[in-house]
Amino acid sequence: MALSNDIIQQLADHLYACEANARDTPKITDDHPDMDWDDAYAVQDGILARKLKNGARVVGYKAGLTSHAKMQQMGVDSPVFGFLVDSGSVPEGGTVKVSELIHPKVEPEIAFVMKRALKGPGCNIADVLAATDFVMPGIEVIDSRYRDFKFDLKSVVADNTSAARYVVGARALRPEAVDMRTVGIVLEKNGQVVALGAGAAVLGHPAAAMAMLANHLGKRGQEIPAGALILSGGITEAVAVQAGDNVCLRVQGMGSLSLRFA
Ligand code: 0L1
Ligand code: MG
């Protein structure tokens, strides 16, 4: 690790406060250009520790920057991983308060719920499918704490990969009941189609992102636990939203899911 524990705790305090107060910040590598991957995940762990201390509960994980569209949008070339807490969950058809966020965007995703634990290294798509209980549509609301969504990969990892809110639901299917590569999605904002795609946009298969997550956690001595909810990554570019917007995600054979911004 390149940074001292004191600096890591200061950075976790800073990003935690930015999220709590809906305040943006320049990316943290501007002041800490030597920050390495372990430091970045240690800052993310520090944010999680602060949330747990304040009563949140971990419900699962997320993979981010998993589609070529997103990687291109953000000028980066590899996925990142973060955690999901219960306080970020929004009910189906529920409302997200824009005043609690900085500059929210939505992403259409396939969500997985695990029936048994999955631990890397060496996990592949077949291992993921065998360990999955069901899959369903999900909308992730991301909200980078970095000014104008300008960051590098290490800064975004430290910022828990821009995680903010999420909704999952509509129709849950067994993983063998759907070809997640060819499943089509349509994202609408205020009744207009704003993005469309197919599951294969996520690393060829959304379960590939799950395998990468399990392998990443395995390197850190962790696993995806049974019962965990995982957002496998945006299928399209993220779409900016503001107060008054209604977002609807339609997933082929899996129904639709909506969210309102106020
Ligand atoms: O879930 C995601 O793909 C977001 C990853 C972080 C980058 C961003 O804020 O767009
Ligand atoms: Mg996402």
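Residues numbered from 1 in each chain as written. Chains lettered and ligands numbered in written order. Predicted model: local features only at pLDDT ≥ 70, side-chain atom pairs only at ≥ 80, totals over all residues. Heavy atoms only, no water.

Q: It is not clear to me how the overall build of the protein should be interpreted in this structure. Could you clarify?
A: Along the protein, the regular secondary structure elements total 6 helices and 12 strands. Computed over the C-alpha atoms, the radius of gyration of the protein is 17 Å, within 12% of the 18 Å expected from 2.2 N^0.38 for a compact globule of 262 residues. Along the longest, intermediate and shortest principal axes, the C-alpha atoms of the protein span 50 × 45 × 35 Å. Out of the 262 residues belonging to the protein, those deemed buried represent 54%. (Helix = DSSP H or I, 4+ residues; strand = E, 2+ residues; numbered from the N terminus. Rg over C-alpha atoms; globule rule 2.2 N^0.38 Å. Buried < 20%, exposed > 50% of the residue type's maximum accessible area, 1.4 Å probe, protein only.)

Q: When you look at unusual backbone geometry in this model, what are you seeing that I'm missing?
A: The phi angle of most residues is negative, glycine excepted, and most peptide bonds adopt the trans form. Along the chain, G120 connects to P121 via a cis peptide bond; the corresponding omega equals 5°. Note that P121 resides in the loop between β4 (105-114) and α4 (125-131). Residue L65 is not a glycine yet carries a positive backbone phi of 55°. You can see L65 is positioned in the loop between β1 (58-64) and α3 (68-74). A positive phi angle, near 50°, is found at T161, a position not held by glycine. Classification of T161 by relative accessible area gives buried; the value is 4%.

Q: In this structure, what is going on with the environment of G93? I would like to understand it.
A: Mapped onto the secondary structure, G93 falls in the loop between β2 (80-85) and β3 (95-96). Of the residues examined, G93 reaches a relative accessible area of 42% and is grouped as partly exposed. For the pair G93 and L259, spaced 166 residues apart in sequence, the C-alpha separation works out to 4.8 Å.

Q: Can you walk me through the packing of helix α1 (residues 5-20) against helix α2 (residues 37-53) in this structure?
A: Two numbers describe a pair of packed helices, the interaxial angle and the distance between the axes. Between α1 and α2, whose axes approach to 8 Å, the crossing angle comes to 55°. Between α1 and α2, the interaxial angle falls into the category oblique. Handedness of the crossing formed by α1 with α2: right-handed. The residues of α2 that touch α1, namely those facing I8, Q9, L11, A12, D13, L15, Y16 and E19, are D39, A42, V43, G46, I47, R50 and K51. Split by residue class, the contact of α1 with α2 holds 8 nonpolar, 2 polar and 5 charged. (Axes fitted to C-alpha atoms, helices over the stretch in contact; angles between N-to-C directions. Parallel < 35°, antiparallel > 145°, perpendicular 65-115°, else oblique. Left-handed = near helix turned anticlockwise from the far one by under 90°. Contact = heavy atoms within 4.5 Å. Nonpolar A, V, L, I, M, F, W, Y, C, P; charged D, E, K, R; others polar.)

Q: Explain the side chain of T132 to me, please; I cannot follow it from the model alone.
A: Mapped onto the elements, T132 comes out in strand β5 (residues 132-142). Judged by its relative accessible area of 1%, T132 falls in the buried class. Here V128 takes part through its backbone oxygen, which lies 2.6 Å from a polar atom of the side chain of T132. Every residue in contact with T132, bar those within four places of it in the chain, is listed here: F112, V113, M114, K115 and P175. (Polar contact = N/O pair within 3.5 Å; in protein donor to acceptor, adjacent residues only side chain to side chain.)

Q: So what exactly am I meant to see when it comes to α1 here?
A: Since there are 3.6 residues in each turn of an α-helix, residues three or four apart along the chain are aligned in direction. Taking 1.5 Å of rise per residue, the 16 residues of α1 would be expected to cover 22 Å, and the 22 Å separating its terminal C-alpha atoms lies within 8% of that figure. For α1, the full list of buried residues reads I8, L11, A12, L15 and C18. Down the axis of α1, the smallest arc covering the buried residues is 130°, so these residues share one side. Along α1, the residues that are exposed and aim more than 90 degrees away from the buried face are N5, D6, Q10 and A20. Residues of α1 that are buried make contact with α2 and α5 (153-158). Downstream of α1 by a residue or two, A22 has a phi angle that is positive, lying close to 50°. (Expected span 1.5 Å × (residues − 1). Arc of directions from axis to C-beta.)

Q: Got a minute to help me understand the sheet that holds strand β11 (residues 246-251) in this structure?
A: Read across the open sheet, the 5 strands follow the order β3-β12-β11-β7-β8; overall the sheet is mixed. Each end of this open sheet is capped by a strand with a single partner; those strands are β3 and β8 (192-198). Of the strand pairs in this sheet, strand β7 (residues 184-189) and β11 are connected by 5 bridges, and their pairing is antiparallel. Pairing of E188 across the sheet is with C248, part of β11. (Pairing = 2+ DSSP bridges.)

Q: What am I meant to see in the coordination of the magnesium ion (ligand 2) here?
A: Ideal geometry at a metal centre: 109.5 degrees between donors when four sit tetrahedrally, and 90 or 180 degrees when six sit octahedrally. Coordination of the magnesium ion (ligand 2) by the protein involves E107 (OE), E109 (OE) and E140 (OE), with metal-donor separations of 2.0 to 2.1 Å. For the magnesium ion (ligand 2), the donor residues sit on a single chain with the sequence spacing E-x1-E-x30-E. Of this pair, E109 sits in strand β4 while E140 sits in strand β5, and the two are 31 residues apart along the sequence. With respect to class, E109 is no different from E140; both count as buried. (Donors = N, O, S within 2.8 Å, 3.2 Å for Na, K, Ca; no water.)

Q: Help me understand the pattern of salt bridges, please; the structure alone is not making it clear to me.
A: Side chains that carry opposite charge are capable of pairing whenever their charged atoms lie near each other. Counted under the stated rule, the structure contains 14 salt bridges. The salt bridge involving R174 is made with D133; its shortest N-O contact spans 2.5 Å. Of this pair, R174 sits in the loop between β6 (163-168) and β7 while D133 sits in strand β5, placing them 41 residues apart in sequence. When its relative accessible area of 46% is taken as the criterion, R174 is described as partly exposed. (Salt bridge = Lys/Arg side-chain N within 4 Å of Asp/Glu carboxyl O.)

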